[in-house]
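# Overview (structure and organization)
Here is how the chains run, residue by residue.
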Amino acid sequence: MRVGEELPPLEVPVTRTLIVSGAIASRDYQDVHHDAALAREKGSPDIFMNILTTNGLVGRYVTDHLGPHAVLRKVAIRLGAPNYPGDTMTLTGTVTAVSENTVEIRVFGANGIGQHVSGTVIAEVPA
């Protein structure tokens, strides 16, 4: 790996099932992640993905590229535009630092309405 190397993009279809199952798996029972009517009552056009699901997808994106022995040491993300059902989120990444067994990757995820997530992942990769 070298600084400036770009990871291949990953397209993630944002389905209602992905949103609800991610919320359930992370024990996030907020109604805006599973009940469309209540989400609309609160001002959202539909249910939307929670941050823990996004965090997991960012981790998956990086480990898919680095391999099964990579260990995520830090994942720091910030959310932007919501991920609604029926959209697609495209994750992209660029290597920003490399030292011995550690790599830092800047990650972005965009959907049809804007940038959903941005952040940095630091991972340890065995030699």
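Let us look at the structure shown here.

Definitions and cut-offs
Residues numbered from 1 in each chain as written. Predicted model: local features only at pLDDT ≥ 70, side-chain atom pairs only at ≥ 80, totals over all residues. Heavy atoms only, no water. Pairing = 2+ DSSP bridges. Helix = DSSP H or I, 4+ residues; strand = E, 2+ residues; numbered from the N terminus. Axes fitted to C-alpha atoms, helices over the stretch in contact; angles between N-to-C directions. Contact = heavy atoms within 4.5 Å.

### Re the sheet that holds strand β2 (residues 71-79)
- Spatial strand order, β1-β3-β4-β5-β2: 5 strands in an open sheet with antiparallel pairing. What marks the edges here is a single partner per strand, and that holds for β1 (6-14) and β2. Strand after strand, the sheet turns through a mean of 20° between neighbouring axes, direction not considered.
- Strand direction decides the pairing type here: strand β4 (residues 102-111) and strand β5 (residues 114-124), joined by 10 bridges, are antiparallel. When the bridges of β5 are listed, Ala110 appears paired with Gln115.
- Sitting on the sheet, helix α3 (residues 51-66) touches β1, β2, β3 (87-99), β4 and β5, and the angle it makes with β2 is about 135°.

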